[in-house]
Amino acid sequence: MVKVEHLGKRYTTPDMDVEALSDINLDIGEGEFVSLLGPSGCGKSTLLRIVAGLIPATSGRIAVDGKVVSGPGPERAVVFQDYALFPWMTVRENVEFGLESRAVPRPERRAKSTELLSVIGLTDFADRYPHHLSGGMKQRVSIARALAVDPSLLLMDEPFGALDAQTRRTLQNELLRIWSAYRKTVIFVTHSIEEAIYLSDRIVVMTARPGRIKAIIEVRKKRPRDMATTEMNEVQREVQGVLEDELVHTSDVHADEITAH
Amino acid sequence: MAKSTSQAPLGIAPPIGVEAARKSLQREGAREKLLGIGTIILFVLIWAAIYASKILPGWAFPSPWQVIVAFNEIVTNGTLLKNTLASIERQFTGVILAAVVGVPVGLLLGANSTARAALLPICRLLYPIPGIAWIPLAILWFGVGFTSTVFVIFFSGIWYVIFNTMAGVQTLPAQHLDVARVYMTPRWLFARRILIPGALPFIITGLRLSYGVGWRVIIGAEMISSIVGLGFLIDDARWQLRPDIMVCGMITIALIGWVSETLFFDWVERLTVERWGMKTN
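Reading guide: rules and limits
- Along each chain, numbering runs from 1 in the same order as the chain's sequence is written.
- Chains carry letters from A onward and ligands carry numbers from 1 onward, assigned in written order.
- Given that this is a predicted model, residues contribute local features only at a pLDDT of at least 70 and side-chain atom pairs are listed and counted only at 80 or more, while totals for whole chains, interfaces and linings are drawn from all residues.
- Strands are runs of DSSP state E lasting at least 2 residues, helices are runs of H or I lasting at least 4, and numbering of each runs from the N terminus.
- The contact criterion used here is simple: two residues whose C-beta atoms, placed from the backbone, lie within 7 Å are in contact.
- Just to be clear, the radius of gyration here is over C-alpha atoms, and the globule rule we use is 2.2 Å times residues to the power 0.38.
- Our exposure labels follow a C-beta count within 10 Å of each residue's own C-beta, placed from the backbone: buried means 20 or more other C-beta atoms, exposed means 12 or fewer, and partly exposed covers the counts in between.
- Domain boundaries shown here were taken from an automatic or database domain assignment.
- Axis angles are defined between N-to-C directions and span 0 to 180 degrees, where every axis is a line fitted to C-alpha atoms and, for a helix, only to the segment in contact.
- Angles below 35 degrees are treated as roughly parallel, those above 145 as roughly antiparallel, those between 65 and 115 as roughly perpendicular, and all remaining angles as oblique.
- It is the rotation of the near helix from the far one that decides the hand of a crossing: anticlockwise by less than a right angle makes it left-handed, clockwise makes it right-handed.
- Residue classes follow a fixed rule: Ala, Val, Leu, Ile, Met, Phe, Trp, Tyr, Cys and Pro count as nonpolar, while Asp, Glu, Lys and Arg count as charged, and any other residue, Gly among them, counts as polar.
- A pair of strands counts as paired when DSSP detects no fewer than two bridges linking them.
- Nonpolar cores are built from buried Ala, Val, Leu, Ile, Met, Phe, Trp, Tyr and Cys residues. These are joined into a set through C-beta atoms within 7 Å.
- One fewer than the residue count of a helix, multiplied by 1.5 Å, yields its expected span.
- Regarding the arc, it is the one traced by the directions from the helix axis to the C-beta atoms.

J.: Just to check I follow, could you spell out the overall build of chain B for this structure?
T.: Looking only at helices and strands, chain B features 11 helices and 0 strands. In terms of overall dimensions, chain B has C-alpha extents of about 70 × 65 × 30 Å along its principal axes. For chain B, restricting intrachain contacts to residue pairs at least 6 apart in sequence, the fraction spanning at least 24 positions comes to 75%.

Written out as structure tokens, the structure reads:
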């Protein structure tokens, strides 16, 4: 489904040269739910944006469904952290935006948005504007907008990062429900270990400077997952172990930099 | 209003503190209104006092009462209506033309760096030329009357529309542009559904400014290059030695400017950017 090979990304400006991603290799299967987990600055969002085709890679390549990615494509849709809804469009118009962009006739758009609004439980809000909605509702609309274009790959960039704990759990469960109903492949960026474990089939743990894949941890437990079991605790400790290793490492680097100055 | 009631649980009165706070806010609002009106009344009283003191000769300085009488005269004989309509027609034509040309140019300048590099310097160079400076040329090109006045209004106002529209596009959140790229939105749909509504708060500001400038320039233009309009009415009153009519013209300009600024543009904002939650009060 998704094949990432020797991917690298450098940001070069006259006064700096940062290696954001280095030698990323990753294979994601059809229908798989994969999280990209790591501290801020590890390049997980950069990787997601490259897969989305929003920014180019410096080296290596990405193929989705066997086609090399050189820009955005109809088989991919993105859910952004800050919802990115258009305030001047009603909830329904926002959901239909991808379809409108593809010149889908109005009656078809209507049918699709009606279906998705009921899936996300916002039928009564179809004609409201986004600023009337809570954060959780906004992110539901954003998810519906992505689903409307029927992508095979759903890219989610810390979608629940700005939500309170309770809303977050509700939306995680809804996402899992939607994921199993619509059978999408999902790449999910998060910095929450708990969230990654609760949702994913596999967790890609990334390290900072340069952004590299440190470990890929499989979570085999059936859903819905009870996070309080010893089994889940063990997974949590395992992931934490990998990340803490990384924290020690980065603070070493930091210490080196300080002494270097 | 509907918003605040929907937030409070049904059947439960807001706490007394909230009620008292709202009352005091209302009192504060009423006090501010009274102060504003009071100052206007004071202004008219000072005006009357200066007239009574005869510092300025009576044939050059009308009393408030004489102005009211003059108003009655030019309303009854139809000159006020005729000249006001002429000015409004020119003003609307000029501002609408400025919008029709200025908004697309501003969108282009905001969205395309090549267009910006090519066109921005000349826009910056033409912008500081006062509209009035164009009048003699406009008379040579279009003669005295409608077209030259409209031209001057157009040329005075278009820069505000262009620069504000451009700023509106440039300050659009990057996430909106990302969404358009993800869904591969065609160019025309992108302009219509994202650029224009996204830049609308700025576009409205640009139109407001262009309207204001046009209304200021039109009077000068009509004094020089017209035989009808409020500017003509004021200038013509000079030849008749009728300062009361001049003041009538000025008051009419003030009222129309005030009404259209506050009523029309505020109405447009309520209908659009305020409804969308894009205006922070």
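Here the narrative resumes, following the displayed structure.
J.: Quick question: what am I supposed to make of the overall build of chain A here?
T.: A count of helices and strands for chain A gives 7 helices and 10 strands. The C-alpha radius of gyration of chain A comes to 19 Å, within 12% of the 18 Å expected for a compact globule of 261 residues. In terms of overall dimensions, chain A has a C-alpha envelope of 65 × 50 × 35 Å along the principal axes. The buried share among the 261 residues of chain A stands at 43%. Within chain A, contacts between residues separated by at least 24 positions form 69% of all contacts whose residues are at least 6 apart in sequence.

J.: Where do I start with the domain arrangement of chain B in this structure?
T.: One frequently used descriptor of interface size is the decrease in accessible area upon assembly of the parts. We note that the domain assignment places domain 1 (15-53) and domain 2 (64-271) within chain B. Distance from the C-alpha centre of domain 1 of chain B to the C-alpha centre of domain 2 of chain B: 32 Å.

J.: In this structure, what is going on with the packing of helix α3 (residues 106-119) of chain A against helix α4 (residues 135-148) of chain A? I would like to understand it.
T.: Between two packed helices, both the angle of their axes relative to each other and the distance between the axes serve to describe the pair. All names here are of chain A. α4 packs onto α3 with a crossing angle of 140° between their chain directions and a minimal axis gap of 10 Å. With respect to α4, the axis of α3 lies oblique. For the element pair α3 and α4, the recorded crossing hand is right-handed. Counted together, K112, S113, L116, L117 and V119 of α3 and A144, L147 and A148 of α4 form the full contact between these two elements. By residue class, the composition of the contact of α3 with α4 is 6 nonpolar, 1 polar and 1 charged.

J.: Is there a simple way to think about the interface of chain B and chain A in this case?
T.: Across the contact, 17 residues belong to chain B and 18 residues belong to chain A. Counting residues per element, the side of chain B that touches chain A draws most heavily on helix α8 (residues 174-182) of chain B, which supplies 6 residues.

J.: What should I look at first to understand the sheet that holds strand β2 (residues 16-28) of chain A in this one?
T.: The strands that make up a sheet are held in pairs by hydrogen bonds between backbone atoms, and each pair lies either parallel or antiparallel. Ordered by their spatial adjacency, 4 strands build an open sheet running β2-β1-β4-β5 (chain A), and the pairing between neighbours is antiparallel. Since the sheet does not close on itself, it has two edges, and those belong to β2 and β5 (67-68) of chain A, each with one partner.

J.: Can you walk me through the nonpolar core in this structure?
T.: Generally speaking, a soluble globular protein has its nonpolar side chains buried in company with each other. If you look at the biggest cluster of nonpolar residues, it comprises 133 residues, and the most contacted ones within it are V51, A144, L155 and I187 of chain A together with V152 of chain B. Here L155 of chain A is in contact with L48, V51, A52, R76, A77, V78 and I187 of chain A, once residues within four sequence places are set aside.

J.: Help me understand the packing of helix α10 (residues 230-239) of chain B against helix α11 (residues 243-271) of chain B in this model?
T.: Residues and elements named next belong to chain B. Orientation of α10 relative to α11, taken along the N-to-C sense of each, is 160°, at an axis distance of 8 Å. In terms of their interaxial angle, α10 and α11 are classed as roughly antiparallel. The handedness of the crossing between α10 and α11 is left-handed. On α11, the residues touching L230, L233, I234 and A237 of α10 are I245, M246, G249, M250, T252 and I253. Of the residues that constitute the contact of α10 with α11, the class distribution is 8 nonpolar, 2 polar and no charged.

J.: Even after reading the chapter, I still don't get the sheet that holds strand β9 (residues 202-207) of chain A, so can you show me in this structure?
T.: All names here are of chain A. Taken together, the 6 strands give an open sheet; going across it, the order is β6-β7-β8-β3-β9-β10, and neighbouring strands pair in mixed fashion. The sheet is open, and its two borders are formed by β6 (76-79) and β10 (212-218), each paired with just one other strand. Going across the sheet, the axis of each strand differs from the next one's by a mean of 20°, ignoring polarity.

J.: Explanation requested: helix α3 (residues 64-76) of chain B in the structure shown.
T.: Each α-helix winds once per 3.6 residues, and so residues spaced three or four apart point in a common direction. Residues and elements named next belong to chain B. Across its 13 residues, α3 extends 19 Å between first and last C-alpha, which sits within 8% of the 18 Å expected from 1.5 Å per residue. Buried within α3 are the following residues: V67, A70 and I74. Down the axis of α3, the buried side of the element spans an arc of 60°, and every buried residue falls inside it. Exposed residues pointing more than 90 degrees away from the buried face of α3 are listed as W65, N72, V75 and T76. Where the residues of α3 are buried, they touch α4 (79-111) and α11. Taken from the residues just after α3, G78 is the one with a positive phi, measuring 85°.

J.: Explanation requested: unusual backbone geometry in the structure shown.
T.: Backbone geometry follows two general trends: most residues other than glycine have a negative phi, and most peptide bonds adopt the trans configuration. Residue and element names in this part refer to chain A. Following R209, the chain continues into P210 via a peptide bond in cis, with omega recorded as -15°. Take P210: it is sitting in the loop between β9 and β10. The peptide bond linking R223 to P224 adopts the cis configuration, its omega dihedral lying at 0°. Along the chain, the position of P224 falls in the loop between β10 and α7 (230-260). One non-glycine residue with positive phi stands out, namely D65, at about 55°.

J.: When you look at the environment of T205 of chain B in this model, what are you seeing that I'm missing?
T.: All names here are of chain B. You can see T205 is positioned in helix α9 (residues 187-225). The partly exposed category is assigned to T205, around which 18 C-beta atoms lie within 10 Å. Sequence separation of T205 and N164 is 41 residues, and the distance between their C-alpha atoms is 7.1 Å.

J.: What's the story with the pairing of strand β4 (residues 59-64) of chain A in this structure? I'm lost.
T.: Where a strand is regular, its side chains alternate between the two sheet faces. Residues and elements named next belong to chain A. When strand β1 (residues 2-13) meets β4, the two strands line up antiparallel, connected through 5 bridges. Bridging from a neighbouring strand, V4 pairs with I62 of β4. Here β4 folds back onto β5, and the loop between the two strands holds 2 residues, one of which, D65, carries a positive phi near 55°.

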